[in-house]
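The residues making up each chain are set out below.
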Amino acid sequence: MLGVLLGRFICGFLCPFGWLQDLLHKVPTKKFSTKKLKPLTYIKYAVLLLAVVLLPVLIVNDLGMGDPYFCKYICPQGVLEGALPLSAVNEGIRLALGKLFSWKLVVLISVVVLSVLFYRPFCKWICPLGAFYALFNKVSLFGMKVDEHKCVSCGKCAKVCKMDVDVTKTPNSTECIRCGKCISACPTDAVSFQYGFGMLGKTVDENAKIENKTNKKETKEEL
Ligand code: SF4
Ligand code: SF4
């Protein structure tokens, strides 16, 4: 339901781990572009299919229960928000930490370092929830709109987008987290959020075609 209503707006504005990556990326060091690493964005769909759906369904215990493979073996949030603070204040938990904790700590440290160097690597490449919401971006009611009459093709929106999206070409891109940076960057106010049906998610060319059709229809009716 949230996917249909909001799409990846959830990644942009609701997910605490997305926020943490945003903060980490503010650390003043050299930054690297992810534009040439686009194929890596497909990894998150494999994680969704394998670790969230297939493995828990196919590998089950005597009671027919599968492990939550993603949460147990990949997701670094549990370590950051659970294991680390709990073990810091509870000696029993500290003594119980084993190989799984060490592995998850390695994952967490890797994600932290990558987040400093790249913008939101976990959201782009690994997160299965991001992949799930990405699938809804094309149909979600909340989306982006570009006014083709105002757009002067300056390219500033694509340049400012840290998710490597050109909103004029793919306003409903699976990678768009609805952060709104392209809206602020556009010198002609051509980009805006839109909520609802209709022109949502169309490219500049598609919008122009739709508008031409509507105008022709109205002219015919007037005649
Ligand atoms: S920044 Fe605005 S005017 Fe420039 S290409 Fe993007 S939508 Fe068009
Ligand atoms: S800058 Fe625009 S196109 Fe890029 S992620 Fe943010 S809202 Fe989406």
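Scroll up to find the structure this text is about.
Residues numbered from 1 in each chain as written. Chains lettered and ligands numbered in written order. Predicted model: local features only at pLDDT ≥ 70, side-chain atom pairs only at ≥ 80, totals over all residues. Heavy atoms only, no water.

## Comments concerning the site of ligand 2
Heads up, the condition is: Nearness here has a simple test: a residue counts as near a molecule or strand if at least one of its heavy atoms is within 4 Å of that partner. Each residue gets one of three labels, nonpolar for Ala, Val, Leu, Ile, Met, Phe, Trp, Tyr, Cys and Pro, charged for Asp, Glu, Lys and Arg, and polar for the others, Gly among them.
Around ligand 2, the neighbouring residues are Met144, Cys161, Met163, Val165, Val167, Cys176, Ile177, Arg178, Cys179, Gly180, Lys181 and Cys182. Classifying every residue of the shell around ligand 2 by side-chain character gives nine nonpolar, one polar and two charged.

## A look at the side chain of Lys124
We count it as follows: A run of H or I in DSSP becomes a helix once it reaches four residues, and a run of E becomes a strand once it reaches two; helices and strands are each numbered from the N terminus. To sort residues, take the accessible area from a 1.4 Å probe on protein chains only and compare it with the maximum for the residue type: under 20% means buried, over 50% means exposed, and anything in between is partly exposed. Two N or O atoms form a polar contact when they lie within 3.5 Å of each other; inside protein one atom must be a possible hydrogen donor and the other a possible acceptor, and for residues adjacent in sequence the pair counts only when both atoms belong to side chains. By definition in these notes, contact holds between two residues if any of their heavy atoms fall within 4.5 Å.
If you trace the backbone, Lys124 turns up in helix 9 (residues 121-126). Owing to a relative accessible area of 2%, Lys124 belongs among the buried residues under this scheme. In terms of polar contacts, Lys124 uses its side chain to reach the side chain of Thr34, at 2.6 Å. Engagement of the side chain of Lys124 in a polar contact is seen with the backbone oxygen of Lys162, the distance being 2.7 Å. Once residues within four sequence positions are removed from consideration, Lys124 is found in contact with Thr34, Leu40, Thr41, Lys44, Tyr119, Lys162, Met163, Asp164 and Glu175.

## Some points on the packing of helix 4 (residues 43-58) against helix 10 (residues 128-136)
What counts is decided by this rule: An axis is simply a line fitted to the C-alpha atoms; with a helix, the fit covers only the stretch in contact. Between two such axes, the angle follows the N-to-C directions and lies from 0 to 180 degrees. Put simply, angles under 35 degrees are roughly parallel, angles over 145 are roughly antiparallel, angles from 65 to 115 are roughly perpendicular, and the rest are oblique. Left-handed describes a crossing in which the near helix is turned anticlockwise from the far one by less than a right angle; the clockwise case is right-handed.
Two elements in contact, helix 4 and helix 10, have axes separated by 8 Å at closest approach and are oriented at 110°. In terms of axis orientation, helix 4 runs roughly perpendicular to helix 10. In the crossing of helix 4 with helix 10, the sense of the turn from one axis to the other is left-handed. Here Lys44, Tyr45, Val47, Leu48 and Val52 of helix 4 lie close against helix 10, whose contacting residues are Pro128, Gly130, Ala131, Phe132, Ala134 and Leu135. A per-class count over the contact of helix 4 with helix 10 returns nine nonpolar, one polar and one charged.

## As for the packing of helix 6 (residues 77-89) against helix 8 (residues 99-117)
For the pair helix 6 and helix 8, interaxial distance at closest approach is 10 Å and the crossing angle is 135°. The angle between helix 6 and helix 8 places the two elements in the oblique class. Between helix 6 and helix 8 lies a crossing whose hand is left-handed. The segment helix 6 lies against helix 8, with Val79, Leu80, Ala83 and Leu84 engaging Phe101, Lys104, Leu105 and Leu108. Of the residues belonging to the contact of helix 6 with helix 8, the class tally is seven nonpolar, no polar and one charged.

## Section: a nonpolar patch on the surface
The criterion, for reference: Any residue with relative accessible area above 30% and no salt bridge may belong to a patch, with like charges joined within 9 Å and the nonpolar Val, Leu, Ile, Met, Phe, Trp and Tyr side chains within 5 Å. Calculation of accessible area relied on Shrake-Rupley with a 1.4 Å probe; when residues are assessed, cover is drawn exclusively from the protein chains displayed. Salt bridges, as used here, are contacts in which a Lys or Arg side-chain nitrogen is within 4 Å of a carboxyl oxygen on Asp or Glu.
Nonpolar side chains collect at one region of the surface, where Leu49, Leu50, Val52, Val53, Leu54, Val57, Leu58 and Ile59 lie side by side and expose about 710 Å² of accessible area between them. Tracing the backbone through its elements, the reader meets Val57 in helix 4.

## A short note on the packing of aromatic side chains
The geometry of an aromatic ring pair comes down to the distance between the two centres and the angle between the two planes. Cut-off, in case you're wondering: Note on aromatic pairs: the rings of Phe, Tyr and Trp (six-membered ring only in Trp) are paired at centre separations within 6.5 Å, and the planes decide the class, stacked below 30 degrees, edge-to-face beyond 60, tilted for the rest.
Across all of its chains, the model carries eleven aromatic pairs by this definition. Aromatic side chains Tyr42 and Tyr45 sit 6.4 Å apart centroid to centroid with 40° between the ring planes, which places their arrangement in the tilted category. With a centroid separation of 6.2 Å and an interplanar angle of 40°, the aromatic rings of Phe142 and Tyr195 are classed as tilted. Of this pair, Phe142 sits in strand 1 (residues 142-146) while Tyr195 sits in strand 2 (residues 191-195), and the two are 53 residues apart along the sequence. With relative accessibility at 13%, the residue Phe142 sits in the buried group. Aromatic rings pair up to connect Phe9, Phe13, Phe142, Phe193 and Tyr195 into one cluster.

## Some details on the nonpolar core
Formally: Throughout, nonpolar core names a set of buried Ala, Val, Leu, Ile, Met, Phe, Trp, Tyr and Cys residues whose side chains join them through atoms within 4.5 Å.
With 15 residues, the main nonpolar core has Met144, Met163, Val167, Cys182 and Val191 as its most contacted residues. With residues near it in sequence (within four places) discarded, Val191 still touches Met144, Lys145, Val146, Val167, Cys182, Ile183 and Cys186. One finds Phe17, Ala51, Val111 and Phe122 within the second-largest nonpolar core, a separate group that totals ten residues.

## Some remarks on unusual backbone geometry
Positioned with a positive phi, Asp164 is a non-glycine residue whose angle comes to about 60°. Relative to the assigned elements, Asp164 resides in the loop between helix 11 (156-160) and helix 12 (181-185). With a phi angle near 55°, Arg178 is a residue other than glycine that sits in the positive phi range. With respect to the helices and strands, Arg178 occurs in the loop between helix 11 and helix 12.

## Here's the deal with the side chain of Ser140
By the secondary structure assignment, Ser140 is in the loop between helix 10 and strand 1. Assessed through its relative accessible area of 1%, Ser140 is described here as buried. A polar side-chain atom of Ser140 sits 2.8 Å from the main-chain carbonyl oxygen of Phe142.

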